[in-house]
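# Observations on chain architecture
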Amino acid sequence: MGGIVLRQNEGEEVAMTPSRSVLIKADLEQLTVTESWFGSRQNGAAPHIHKRHADSFYVLEGQLTFLTADGDLTAPAGATFLAPSGVMHGFDHDRDGEVRYLNFHTPARGFAQSLRARRDPKTYDPVDYDSFDPHEDAPTGAVLLQPGEGERYEADTRVATIKIGREELSLIEFELEPGFQGPEPHTHDDHVDSFYVVEGEAEFQLDNETLRLSAGSFVAAPPGVVHTFSNPGSGRTRLLNIHAPSSNFHEIFRAREVD
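What comes next is a walk through the structure.

### A closer look at the overall build of the chain
Looking only at helices and strands, the chain features 2 helices and 21 strands. With the C-alpha coordinates aligned to their principal axes, the bounding extent of the chain is approximately 50 × 40 × 35 Å. For the chain, buried positions account for 51% of its 259 residues. Of the contacts formed within the chain by residues at least 6 apart in sequence, a portion of 69% connects residues at least 24 apart. Only carbon and sulfur atoms are counted for the fraction: they give 46% of the accessible area of the chain, which is about 11,800 Å². Within the chain, one finds 22 positive and 42 negative side-chain charges whose respective centroids are separated by 3 Å.

Now the structure itself:
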């Protein structure tokens, strides 16, 4: 499988109405990535659990409210939310104004297919896609990191903040100064390495192609695909780096930073 490159507003549209849009950015065994836009006061997802995968979010614009066993949690732009397997969660957009967010299901467990299946409610069965009603005693354990929170590591031309570090997923937010060189071109044989440009522009190499991509772009390198990233431009860049499964990437990164 080759690399995936999607620019702003590109992807498979699975739910377009005047008040919402859902784009599938990646539909891979290791992860599903969607980007959603909601207008004012839109219902999200009722409380539920997943038994065999984690459900994570990154808020790009606006504000979401997450529904958890510990109460409602407010997540503004730049916040990260994680619901591990077995942990009750849901979300709403209960305010005026727009919201835009990324959603990561790791591993995928057919989540993209579930979005397609929902077009026909007669045939859609959430249990087929590892989604269940929560028990009254569903365990707590949802995690919300506000903007700027996480394990922060600074270097000369970049700041890296580990937002999620689990077996299913490593999510790292990079702030890149002009001149950031990035790692040498490389491959992974056991996980997908993907990126979402939040602000500015970044340069990516996928196999033999070099791409300069702006905010709203998504890049994924499945196993075996040569890739790297950098910021050769004149402005600062912020991007998300998603490894699924983690394959211990966050631990390797942490150990390298503290040596």
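Text resumes after the structure shown.
### Some words on the environment of Leu-60
Structurally, Leu-60 is set in strand β6 (residues 54-61). Along the chain, Leu-60 and Pro-76 lie 16 residues apart, while their C-alpha atoms are 8.3 Å from each other. Once you skip the residues sitting within four places of it in the chain, Leu-60 turns out to touch Glu-35, Ala-77, Arg-100, Tyr-101, Leu-102, Tyr-196 and Val-198.

### Things to note about the layout of surface pockets
Summary: where empty space remains is shown by rolling a probe the size of a single water molecule over the atoms. The volume enclosed by the largest pocket comes to roughly 650 Å³. Forming the boundary of the largest pocket are 30 residues, of which Gly-44, Ala-45, Phe-111, Leu-115 and Arg-118 lie nearest the centre. When residues of the lining of the largest pocket are traced back to their parent elements, those giving at least two are β3 (20-27), β4 (32-38), β5 (42-48), β6, β11 (99-106) and α1 (111-117). Sorting elements by how many residues they give to the lining of the largest pocket places β5 first, with 4 residues. Looking at the lining of the largest pocket residue by residue, the class counts come to 16 nonpolar, 9 polar and 5 charged. Considered as a void within the structure, the second largest pocket measures approximately 300 Å³ in volume. What lines the second largest pocket is a set of 18 residues, and nearest its centre among them are Phe-174, Pro-183, Phe-229, Phe-253 and Arg-256. Looking at the lining of the second largest pocket, the element that brings in the most residues is helix α2 (residues 249-258), giving 4 residues.

### Re the sheet that holds β5
Strands sit in the order β5-β10-β7-β8 across an open sheet of 4 strands; the sheet is antiparallel. Because the sheet does not close on itself, it has two edges, and the strands there are β5 and β8 (71-76). Shown here is a sheet whose adjacent strand axes are inclined to one another by a mean of 20°, direction ignored. Bridge analysis of strand β7 (residues 63-68) against β8 gives 6 bridges, and the strand direction is antiparallel. For Thr-68, the partnering residue across the bridge sits in β8 and is Gly-71.

### A look at the pairing of strand β20 (residues 227-230)
For a regular strand, side-chain orientation follows a simple rule: the groups alternate between the two sheet faces. Neither face of β20 is open: one carries His-227 and Phe-229, the other Thr-228 and Ser-230, and all of them are buried. Where strand β17 (residues 201-206) meets β20, 4 bridges bridge the pair, whose relative direction is antiparallel. Directly across from Glu-203, in β20, lies its bridge partner Ser-230.

### A word on the nonpolar core
Membership of the largest hydrophobic core comes to 23 residues, with the highest contact counts inside it found for Phe-218 and Leu-240. Once you skip the residues sitting within four places of it in the chain, Phe-218 turns out to touch Ile-4, Val-5, Leu-6, Lys-25, Ala-26, Val-33, Ser-194, Phe-195 and Tyr-196. By size, the runner-up hydrophobic cluster in this structure holds 21 residues, among which are Leu-176, Phe-180, Phe-195 and Phe-249.

### Considering the packing of aromatic side chains
Summed over all chains, the structure comprises 17 aromatic pairs. Consider the rings of Phe-57 and Tyr-101, whose centres lie 5.8 Å apart with planes at 45°: the pair is tilted. One end of the pair, Phe-57, is in strand β6; the other, Tyr-101, is in strand β11, and 44 residues separate them in sequence. Take Phe-57 and Tyr-101: they sit in the same class, and that class is buried. With centroids separated by 6.1 Å and ring planes inclined at 35°, the aromatic side chains of Phe-249 and Phe-253 adopt a geometry described as tilted.

Criteria and thresholds
- Residues numbered from 1 in each chain as written.
- Predicted model: local features only at pLDDT ≥ 70, side-chain atom pairs only at ≥ 80, totals over all residues.
- Heavy atoms only, no water.
- Helix = DSSP H or I, 4+ residues; strand = E, 2+ residues; numbered from the N terminus.
- Buried < 20%, exposed > 50% of the residue type's maximum accessible area, 1.4 Å probe, protein only.
- Contact = heavy atoms within 4.5 Å.
- Areas by Shrake-Rupley, 256 points an atom, 1.4 Å probe, with all protein chains shown as cover.
- Lys, Arg positive; Asp, Glu negative; His and termini not counted.
- Charge placed at Lys NZ, Arg CZ, Asp CG, Glu CD.
- 1 Å grid on protein atoms, 1.4 Å probe; cavity = no way out; pocket = protein on both sides within 12 Å on 5 of 7 lines; lining within 4 Å.
- Points joined across faces, edges and corners; volume = space filled by probe spheres on them.
- Nonpolar A, V, L, I, M, F, W, Y, C, P; charged D, E, K, R; others polar.
- Pairing = 2+ DSSP bridges.
- Axes fitted to C-alpha atoms, helices over the stretch in contact; angles between N-to-C directions.
- Core = buried A, V, L, I, M, F, W, Y, C linked by side-chain atoms within 4.5 Å.
- Phe/Tyr/Trp six-rings, centres within 6.5 Å; stacked < 30°, edge-to-face > 60°.

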